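Coordinate inspection notes
Here are the chains, one letter per residue:
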There are 2 protein chains.
Amino acid sequence: MDDIITLDYGSGGRKTSSLIEELILPAFGNSALDALGDGALLPGGLAFSTDSFVVTPLEFPGGDIGKLAVCGTVNDLAMCGAEPKYLSLALIIEEGLPTGTLRRVIASASAAAREAGVQIVTGDTKVVERGRGDGLYINTAGVGIVKYPGLSPKAMRPGDAVILSGAAGDHGAAVMLARGDLMQGEIKSDCAPLGELVRALLDSGAAVRVLRDPTRGGVATTLCEFAGDSGLGMELDGGAIPVRRETAAACALLGLDPLYAANEGKLLAVDSPETEQAALAALRAQPLGRDAAVIGRVTEGGRVILRTPNGGSRVLRKLSGAQLPRIC
Amino acid sequence: MDDIITLDYGSGGRKTSSLIEELILPAFGNSALDALGDGALLPGGLAFSTDSFVVTPLEFPGGDIGKLAVCGTVNDLAMCGAEPKYLSLALIIEEGLPTGTLRRVIASASAAAREAGVQIVTGDTKVVERGRGDGLYINTAGVGIVKYPGLSPKAMRPGDAVILSGAAGDHGAAVMLARGDLMQGEIKSDCAPLGELVRALLDSGAAVRVLRDPTRGGVATTLCEFAGDSGLGMELDGGAIPVRRETAAACALLGLDPLYAANEGKLLAVDSPETEQAALAALRAQPLGRDAAVIGRVTEGGRVILRTPNGGSRVLRKLSGAQLPRIC
């Protein structure tokens, strides 16, 4: 690790992994933490997860930090195969935040909790001096009840289908655009609670191996995590990956790759080829899964390879820097 | 509420209460949250709690933000009558934090978790730009198993003993002194995990009505919360409240009142008069409870009254401003 912490360590990519592997795991290592899922699986069939949200700006098309903080932790629990039940919500407010902003964010978190069917049962409020924060940071932690145990990258098999539940990169693009005046409003964050979508998918009887929501680092980084954890690879069909036209244009303008841009209302599922059509049908029957598509296959090799529509190919790696700082 | 959020809203006193009552409870209200205990009691015998830590400086005599973050949530769970089991740990790092500082803080959190007998099972890392944080903020959330249900201020009865487990104000005084060069090192924070002390107290068979750790806002604010929640009052014997000589001197110098200074390794217990001697004996048999004392009695009136050793008296109210900002 470097001598000082740079923004890259918060990117969700390679530097974040090095911090976790060199500093966190040796200090706290235990079987629940070492699994490094979106949440921890505890004895007694509980799932437990946490996330801090430092997005800037606090409000953006399609959501705000309050909605994001609820959906983020709800989704992490859902990706563990758990039914999200209870959330904590802790505020770190910068002195000078308009009370009206706080009120809107809290109302938005409340609406998201209602939509997701979770209760916010405990919380905390801290205020830091002007210049020691950025308006508002929120941490949520969540407890859920595991309904579908055994989801893990280690359950993946060559030939499995890689499914993305909808268009890639909307959240990252929307937040980046909201920082300027550029094209603002044309792209909305996809921020949404995924509990219902996961339930529909898993209740369909599809043989799902693993689920994860591709937030920081995007679709590409999440698939690289799957590859790293399973020892297997993936071959992706670039032409099959849904990306909205506006998002693709905005990413081109901003110099971003939609495959590395954050999503906050999408899931990646790896599914047995025998049940992939059932899985797709179950996802597409839900409003949040209408555009679900098989975007690739699991392979023997340890690498994630993207076949581009023009016949080329490139190896995808984890996000290597802070391409999209402060997007969640 | 005011139009903008000031530091007072994070003091743990009256403004913090107004923010919770006017903004948080109307948005999220449910029976678990409305109880406003140190943590939420969930169906199935679980306790769930969260706290963010924004202390400055990050390291101080007797502890650091890592130890504090573990002990704070462990103690909140213990005060619910729960055995603390699992913690989450989420870092918001300011760009530029020396990796060595992070390493020490993590090692300290790890040692505290071992001492407290809890596992850190899930986490998160975010990095914010220079000038958008203050080195490091940590959030912990925790899950525990309720062993002693029914603790509540509503269980208090007139005549009950008010017990403090040791000297008041050490954490607040130590942190405030650590900001200057004044008397530094003479006062150590009392930061410690209280699970064992609570277990010893409750296993003694003492008829404990309610427990709370007097952190932000100190002993006085916590007792005012008990009074507000129970509709009862308290009469405190100022001469019986243990305060270290060094802490009293430092508080006098800094213009603070030790009864309003934060503690991070003390508990307040209200106990039936029939078992108060058993409760005291159980506390005093533990290293963290050696100086436990009965500091007052529950009364009919709704006010908390301090009788001073010189025969005077004053009414204690919740901390009304940010007497001690950023102390936890």
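Quick caveat: nothing in here was measured; it's all calculated off a predicted structure.

This part takes up the confidence of the model for chain A. In the predicted model, chain A carries a mean pLDDT of 94, and 97% of its residues have values of at least 70. Interface predicted TM-score (ipTM) for the complex: 0.94; the corresponding pTM is 0.95.

All names here are of chain A. Tracing the backbone shows Asp190 in the loop between helix H5 (170-178) and helix H6 (195-203). Polar contacts involving the side chain of Asp190 include one to the main-chain amide nitrogen of His171, which spans 3.4 Å. At 3.1 Å, the side chain of Asp190 forms a polar contact with the backbone nitrogen of Glu264. Excluding residues that lie within four positions of it along the chain, Asp190 makes contacts with Asp170, His171, Asn263, Glu264, Gly265 and Lys266.

Counted by the stated rule, this structure contains 36 salt bridges over all chains. A salt bridge links Arg212 of chain A to Glu225 of chain A; the shortest N-O distance between them is 2.9 Å. Highlighted residues: Arg212 of chain A in strand S9 (residues 208-212) and Glu225 of chain A in helix H7 (residues 218-230), separated in sequence by 13 residues. For Glu225 of chain A, a relative accessible area of 22% corresponds to the partly exposed category. Here the salt bridges share partners, and the residues they tie into one network are Asp51 and Arg216 of chain A together with Asp124 and Lys126 of chain B.

Moving on: the domain arrangement of chain A. Residue and element names in this part refer to chain A. Taken domain by domain, chain A comprises domain 1 (35-146) and domain 2 (153-316). Here domain 1 packs against domain 2, burying approximately 1800 Å² in sum over the two surfaces, 65% of which is carbon and sulfur. Contact with domain 2 buries area across many residues of domain 1, yet Pro61, Asn75 and Met79 alone supply 32% of it, more than any other trio. For the pair domain 1 and domain 2, the number of links is zero salt bridges. There are six residue pairs in polar contact (both at pLDDT 80 or more) connecting domain 1 and domain 2. Residue assignment for the side of domain 1 that touches domain 2 shows that the elements contributing at least two residues are helix H3 (65-79) and helix H4 (99-116). By residue number, the principal contributor to the side of domain 1 that touches domain 2 is H3, which donates nine residues. Of the residues contributing to the side of domain 1 that touches domain 2, the split by class is eleven nonpolar, six polar and four charged.

The next subject is the packing of helix H1 (residues 14-28) of chain A against helix H4 (residues 99-116) of chain B. The geometry of H1 of chain A relative to H4 of chain B is characterised by a closest axis approach of 8 Å and an angle of 25° between their N-to-C directions. Accordingly, the angle class assigned to the pair H1 of chain A and H4 of chain B is roughly parallel. Pair H1 of chain A / H4 of chain B crosses with right-handed handedness. Here Leu19, Glu22, Leu23, Ile24, Ala27 and Phe28 of chain A of H1 of chain A lie close against H4 of chain B, whose contacting residues are Thr99, Leu102, Arg103, Ile106, Ala109 and Ser110 of chain B. For the contact of H1 of chain A with H4 of chain B, the per-class residue count stands at eight nonpolar, two polar and two charged.

The next thing to look at is the relation of the copies chain B and chain A. Overlaying chain B on chain A yields an RMSD of 0.0 Å, the required transformation being a rotation through 180° with an accompanying axial translation of 0.0 Å. The relationship between the two copies is best expressed as a two-fold rotation axis. If distances are taken from each C-alpha of chain B to the rotation axis, the shortest is found for Gly133 of chain B, at 2.3 Å. Interface overlap between copies: 100% of the residues of chain B at the interface are likewise at the interface in chain A, consistent with a symmetric, same-surface contact.

Let us look at the sheet that holds strand S2 (residues 46-53) of chain B. All names here are of chain B. One open sheet accounts for five strands, arranged S1-S2-S7-S5-S6; its pairing is mixed. Edge positions in the sheet fall to strand S1 (40-42) and strand S6 (119-128), since each of these pairs with one other strand and no more. With direction set aside, neighbouring strand axes in the sheet form an average angle of 20°. Sitting on the sheet, helix H3 (residues 65-79) is in contact with S2, strand S5 (82-94), S6 and strand S7 (136-146), with an inclination near 150° to S2. Packed on one face of the sheet, H4 meets S5, S6 and S7 and runs near 175° to S5.

Residue and element names in this part refer to chain B. Strand order in the open sheet made by the seven strands is S9-S11-S8-S12-S10-S13-S14, with mixed pairing throughout. Single-partner strands in this sheet number two, and they are strand S9 (208-212) and strand S14 (313-316). Averaged over neighbouring strand pairs, the angle between their axes works out to 25° when direction is ignored. With four bridges joining them, strand S10 (residues 233-237) and strand S12 (residues 293-299) adopt antiparallel strand pairing. Paired with Leu236 across the strands is Gly296, a residue of S12.

Residues and elements named next belong to chain B. Between helix H6 (residues 195-203) and helix H9 (residues 276-284), the least distance of the axes is 8 Å, while the angle of their chain directions is 150°. Classified by chirality, the crossing of H9 by H6 is right-handed. On H9, the residues that touch Leu197, Ala200 and Leu201 of H6 are Ala279, Ala282 and Leu283. Here the residues of the contact of H6 with H9 are counted per class, giving six nonpolar, no polar and no charged.

Reading the values: the criteria
Residues numbered from 1 in each chain as written. Chains lettered and ligands numbered in written order. Predicted model: local features only at pLDDT ≥ 70, side-chain atom pairs only at ≥ 80, totals over all residues. Heavy atoms only, no water. pLDDT = per-residue confidence, 0-100. Helix = DSSP H or I, 4+ residues; strand = E, 2+ residues; numbered from the N terminus. Polar contact = N/O pair within 3.5 Å; in protein donor to acceptor, adjacent residues only side chain to side chain. Contact = heavy atoms within 4.5 Å. Salt bridge = Lys/Arg side-chain N within 4 Å of Asp/Glu carboxyl O. Buried < 20%, exposed > 50% of the residue type's maximum accessible area, 1.4 Å probe, protein only. Domains from an automatic or database assignment. Buried area = accessible area lost by both parts, 1.4 Å probe. Nonpolar A, V, L, I, M, F, W, Y, C, P; charged D, E, K, R; others polar. Axes fitted to C-alpha atoms, helices over the stretch in contact; angles between N-to-C directions. Parallel < 35°, antiparallel > 145°, perpendicular 65-115°, else oblique. Left-handed = near helix turned anticlockwise from the far one by under 90°. Least-squares fit on C-alpha atoms with pLDDT ≥ 70 in both. Pairing = 2+ DSSP bridges.

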